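Next come the chains, spelled out residue by residue.
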Amino acid sequence: MPDASQTDRIAAILTAHDGLEGPLLPILHAVQEEFGLIPDDAVPQIAEHLNIGRAEVHGVVTFYHDFRDAPAGRHVVKICRAEACKAMGGDAVAAAALAKLGTEWHGTTANGKVTVEPVYCLGLCSCAPAAMVDDRLIGRVDAGKLDAALTEASA
Amino acid sequence: MSMTFYLPKDASARAMGADAVAAAITKAAPDAKLIRTGTRGMTWLEPLLELELDGTRHGFGPVEPGDIAGILADPQGHPKALGPVTDIPFFKTQTRLTFARVGVIAPTDMAAYGAHGGLTGLRRALSMSAAAMVEEVKASGLRGRGGAGFPTGIKWDTVRLANADQKYIVCNADEGDSGTFADRMLMEGDPFTLIEGMAIAGIATGATKGYVYLRSEYPDAIATMNAAVIAARKGGLLGDLLGSGQQFDMEIRVGAGAYVCGEETSLLNSLEGKRGVVRAKPPLPALEGFMGKPTVVNNVISLASVPTIFANGAAAYADQGLGRSRGTIPVQLAGNVKFGGLFEAGFGMTLGALVNDIAGGTATGRPVKAVQVGGPLGAYFAPHQFDTPFGYEEFDGAGGLIGHAGITIYDDSADMLGMARFAMEFCAVESCGKCTPCRIGAVRGVEMLDRMKSGDPVAQEVLEDLCETMRDGSLCALGGFTPYPVLSALRLFPDDFAARKEAAE
Ligand SMILES: Cc1cc2nc3c(=O)[nH]c(=O)nc-3n(C[C@H](O)[C@H](O)[C@H](O)COP(=O)(O)O)c2cc1C
Ligand code: SF4
Ligand code: FES
């Protein structure tokens, strides 16, 4: 059973999006912003409110890379894996970061602190390689810059 | 005397440390005026600080917080002084029509927008009939900058002539192609230009509602566009357009990390709240688009080029360019590049002029091995093809495409088998799953490239067959064009694929 507060918070999000054309993606973004993931039992509640099938909502949640079914670590590091960053040694930066943190792509460190996600282009291809630590953008990223950003984010 | 500084707030400038520079200025010169702008597009100089001296903006870059004291003490004598920004050759040799205000004004300052030529196009459009407006776009020769190069005026005419109670303008701001960032720089640097272009499209086609579908990977652009929409409503650029009685309003919608949602029908599904699977065409989105209604789907740069076309006339725009590629194109210089950034110029420059002269070759100083033009679905080019002029037909003739006009440069250390493998891997990760050649073919493609790497003699033939199947049997260009980078890498750099074979033996 979802707890009452979760149900109420989702209900508030749903009402706030009433009247939009095609409201499902904005709703899912808002739910994830609120809870850090899309809770399983949010799906039937959203489906009922929008008068669509649960399977349809579930299908949408799973189609998009952004929506999580498990919480992320306290900090999210996104490292660009796309071509322009590869051309500037982005793969090596990513491999070193994963090794240092002791995790895999999409994985979270054992202490729950850092999740590492691949991203396919941040639009920073003229100062590649690029990464993001939470909402902080980093161009010409290397191990030192990534470390510094993580330290700053944890402070 | 009060001082005025200009410093970009563009994501690329922030990624290179612009916010720390801003803080240093505020601390060292609390009375100075600091205006955060878009970027001039010279990323290798970011953070590129500008100081107004006798009415001219002088550049300094790349600036670090520690430079501020020295710049304040002796601006012109500072080692990072670049002189007047508009005299820097990379900037001076451009033809900035679409990006005229980007890097110049504060992005969401409506008064500055008007003072720098904004709204002129909309005013003229409001005095014209819808048919005349569409004719103007046709006469400009503008073609879709999202990749396919379809004539914008013809698309608008289809929507204009369609009969419906509601029509839509949808701006494709999904910009998923690696090596491209023109949409981002435009939205972060001059969002009103995009809004004005969408409003003009609305009047011309009879659409009263617009959406910008903006990728979630661009948080700064999302924030700027949202702020701009609010400011535009206050300033008469949305709602009742300049008090004319014509209505147009819009919303910003955020994507959710699916590359395929840049494809226009997948985008429309996503906007409607569905899975982003590609729709079969027909029906054309122009007739049955968002919510089944007639819809213009245009790229950011296509729409943002409309205000200059209306402000200065179709002929002035069409004067630029080469062959059937009219007007200007913002070329994005990316990857292993010495002078990386955005360069807007008329079509027709050769690839070599762009890569060697404008971009200055590689950042590492090593020889250029290959360039990929047009994002992850674009072909690789080798230096012997650098005489290809930048134009839709010209690139098609050379076995490639200009796509969204990103050029990603690689030095001689690039591993082209690895790049071909990545193209297949990307297609597998991002496939919408609707057609088998794309969904399964891409996974098999990765396997074949791994087998080539370990020296399997038959893998190449299987790979080439697979590419043919993907090209002919895919519904959209994700599956259909992934063979471009794969096969061009194989043809141009056979040694990268063969050397592994010998090493394994
Ligand atoms: C897989 C795929 C991804 C695409 N991504 C984009 C994109 O990010 N931005 C864009 O404007 N067009 C993209 N397109 C092209 C669009 O389908 C469409 O042609 C374009 O939005 C039309 O606008 P235009 O005529 O102004 O170029 C993509 C196409 C495919 C097949
Ligand atoms: S080619 Fe791939 S992405 Fe395009 S429609 Fe087919 S399965 Fe979907
Ligand atoms: S390819 Fe990495 S930021 Fe664009």
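No experiment lies behind these values; they were computed from the predicted model shown.

Visitor: If you had to explain the overall build of chain B to someone new, which residues and values would you point to?
Guide: A count of helices and strands for chain B gives 23 helices and 17 strands. Computed over C-alpha atoms, the radius of gyration of chain B comes to 23 Å, within 12% of the 23 Å expected from 2.2 N^0.38 for 505 residues, which places it in the range of a compact globule. Intrachain contacts of chain B at a sequence separation of at least 6 include 70% that bridge at least 24 residues. Here chain B displays about 17,400 Å² of accessible surface, and carbon together with sulfur accounts for 53% of that area.

Visitor: With reference to specific residues and values, describe the confidence of the model for chain A.
Guide: Looking at chain A as a whole, its pLDDT mean stands at 95, while 99% of the residues score no less than 70. Ranking the elements of chain A by mean pLDDT puts helix α7 (residues 143-154) of chain A last, at 91, and helix α5 (residues 83-86) of chain A first, at 98.

Visitor: Can you tell me about empty space enclosed by the protein, naming the residues and giving the values?
Guide: All names here are of chain B. If you walk through the whole model with that rule in mind, you get 4 cavities of 30 Å³ or more. In this structure, the largest cavity occupies an estimated 80 Å³ of space. In terms of lining residues, the largest cavity is bounded by 13 residues, among which V278, C432, C435, C438 and C476 are the most central. For the lining of the largest cavity, the per-class residue count stands at 8 nonpolar, 4 polar and 1 charged.

Visitor: Go over the site of ligand 1, please, and point to the residues and values.
Guide: All names here are of chain B. What surrounds ligand 1 is a group of 18 residues, the closest being G146, N172, N298, N299 and S302. G146 places a main-chain nitrogen or oxygen 2.7 Å from an oxygen atom of ligand 1. With respect to ligand 1, the backbone of N299 contributes an N or O atom lying 2.8 Å from an oxygen atom. Protein contact buries 91% of the 610 Å² of open area that ligand 1 shows by itself.

Visitor: I'd like a description of the nonpolar core, backed by residues and values.
Guide: Within soluble globular proteins, side chains that are nonpolar tend to cluster in buried spots. One finds I195, L214 and M250 of chain B to be the most contacted residues of the largest nonpolar core, which totals 80 residues. Other than its neighbours up to four places away in sequence, M250 of chain B contacts I195, M198, G210, V212, M225, V229, R233 and L238 of chain B. Counting 72 residues, the second largest nonpolar core, distinct from the first, contains I10, V43 and F63 of chain A together with L478 of chain B.

Visitor: Account for the site of ligand 2, naming residues and giving values.
Guide: Residue and element names in this part refer to chain B. Taken together, 13 residues sit near ligand 2, with C432, K434, C435, C438 and C476 positioned nearest. Using a 2 Å cut-off from the grid points, one finds that ligand 2 occupies the largest cavity. For the shell around ligand 2, a count of residues per class yields 8 nonpolar, 4 polar and 1 charged.

Visitor: Please give an account of the sheet that holds strand β8 (residues 239-240) of chain B that cites residues and values.
Guide: Residues and elements named next belong to chain B. The 5 strands are arranged β8-β9-β7-β6-β10 in an open sheet whose pairing can be described as mixed. Of all strands in the sheet, those with a lone pairing partner are β8 and β10 (295-299), marking the two edges. As paired elements, strand β6 (residues 168-173) and strand β7 (residues 209-214) share 6 bridges and run parallel to each other. Note that in β7 the partner of C171 across the bridge is V212.

Visitor: Which residues make up the pairing of strand β2 (residues 114-119) of chain A, and what are the values?
Guide: Regular strands place their side chains on alternate faces of the sheet. Residues and elements named next belong to chain A. Taken across its 6 residues, β2 has 6 buried, putting it largely inside the fold. Of the two faces of β2, both are covered, the one formed by V114, V116 and P118 as well as the one formed by T115, E117 and V119. Sheet topology places strand β1 (residues 75-80) next to β2; 6 bridges connect them, and they run parallel. Looking at β2, one finds that V77 is bridged to V116.

Visitor: Tell me about helix α7 (residues 130-140) of chain B, residues and numbers included.
Guide: All names here are of chain B. For α7, the complete set of buried residues consists of M133, V134, E136, V137 and S140. Take α7 and look down its axis: the buried residues cluster within an arc of 150°, on one side only. Residues of α7 that are buried sit in contact with α6 (120-126), α8 (152-161), α10 (191-205), α14 (306-312), α15 (314-318) and β12 (325-326). Backbone geometry just downstream of α7 places G141 in the positive-phi region, at approximately 75°.

Visitor: Would you mind going over the interface of chain B and chain A in detail, with residue names and values included?
Guide: Counting residues at the interface gives 63 residues for chain B, matched by 37 residues for chain A. Counting the surface lost from both chain B and chain A, the interface buries some 3,700 Å², and carbon and sulfur atoms represent 60% of this. Inspection of the region where chain B meets chain A yields 1 salt bridge. The residue R81 of chain A makes a salt bridge to E425 of chain B at a minimum N-O spacing of 3.4 Å. At the boundary of chain B and chain A, one finds 23 residue pairs in polar contact (both at pLDDT 80 or more). Per-element accounting of the side of chain B that touches chain A gives the leading share, 6 residues, to helix α18 (residues 416-430) of chain B. Taken together, the residues of the side of chain B that touches chain A sort by class into 31 nonpolar, 18 polar and 14 charged.

Visitor: With reference to specific residues and values, describe the side chain of S270 of chain B.
Guide: Position of S270 of chain B relative to the elements: it lies in helix α12 (residues 264-271). With residues up to four places along the chain from it excluded, the contact list for S270 of chain B reads L25 and Y64 of chain A together with Y213 and C261 of chain B.

Visitor: I'd like to hear about the environment of G41 of chain B, residue by residue, with values.
Guide: Residue and element names in this part refer to chain B. Mapped onto the fold, G41 is located in the loop between β2 (33-37) and β3 (49-53). Linking G41 and Q332, residues 291 residues apart in sequence, is a C-alpha distance of 9.0 Å. Not counting residues within four places of it along the chain, the set of residues in contact with G41 comprises F90, R96, M185, G340, G341 and L342.

Visitor: Can you explain the sheet that holds strand β17 (residues 406-411) of chain B? Please cite residues and give values.
Guide: Think of a sheet as strands paired side by side through backbone hydrogen bonds, with each pair either parallel or antiparallel. Residues and elements named next belong to chain B. Within the open sheet, the 5 strands sit side by side as β14-β13-β17-β15-β16. Their pairing is mixed. Across the chains shown, the open sheet's two edge strands, defined by having one partner strand only, are β14 (341-346) and β16 (380-381). Note: strand β13 (residues 328-335) against β14, 6 bridges, orientation antiparallel. Among the inter-strand pairings, T328 is bridged to a residue of β14, identified as G346.

Visitor: Explain the packing of aromatic side chains residue by residue, including any values.
Guide: Under the defined criterion, the tally for this structure stands at 18 aromatic pairs over all chains. Taken together, the ring pairs in this structure connect Y120 of chain A together with Y259, F422 and F426 of chain B into an aromatic cluster. Over the aromatic face of F91 of chain B sits the side chain of R40 of chain B, whose NZ or CZ is 5.2 Å from the ring centroid. If you follow R57 of chain B out to its NZ or CZ, it ends over the ring of Y6 of chain B, 3.5 Å from the centre.

Calculation criteria
- Residues numbered from 1 in each chain as written.
- Chains lettered and ligands numbered in written order.
- Predicted model: local features only at pLDDT ≥ 70, side-chain atom pairs only at ≥ 80, totals over all residues.
- Heavy atoms only, no water.
- Helix = DSSP H or I, 4+ residues; strand = E, 2+ residues; numbered from the N terminus.
- Rg over C-alpha atoms; globule rule 2.2 N^0.38 Å.
- Contact = heavy atoms within 4.5 Å.
- Areas by Shrake-Rupley, 256 points an atom, 1.4 Å probe, with all protein chains shown as cover.
- pLDDT = per-residue confidence, 0-100.
- 1 Å grid on protein atoms, 1.4 Å probe; cavity = no way out; pocket = protein on both sides within 12 Å on 5 of 7 lines; lining within 4 Å.
- Points joined across faces, edges and corners; volume = space filled by probe spheres on them.
- Nonpolar A, V, L, I, M, F, W, Y, C, P; charged D, E, K, R; others polar.
- Near = heavy atom within 4 Å.
- Polar contact = N/O pair within 3.5 Å; in protein donor to acceptor, adjacent residues only side chain to side chain.
- Core = buried A, V, L, I, M, F, W, Y, C linked by side-chain atoms within 4.5 Å.
- Buried < 20%, exposed > 50% of the residue type's maximum accessible area, 1.4 Å probe, protein only.
- Sits in = over half its atoms within 2 Å of the grid points.
- Pairing = 2+ DSSP bridges.
- Arc of directions from axis to C-beta.
- Buried area = accessible area lost by both parts, 1.4 Å probe.
- Salt bridge = Lys/Arg side-chain N within 4 Å of Asp/Glu carboxyl O.
- Phe/Tyr/Trp six-rings, centres within 6.5 Å; stacked < 30°, edge-to-face > 60°.
- Lys NZ or Arg CZ within 6 Å of the ring centre and 35° of its normal.

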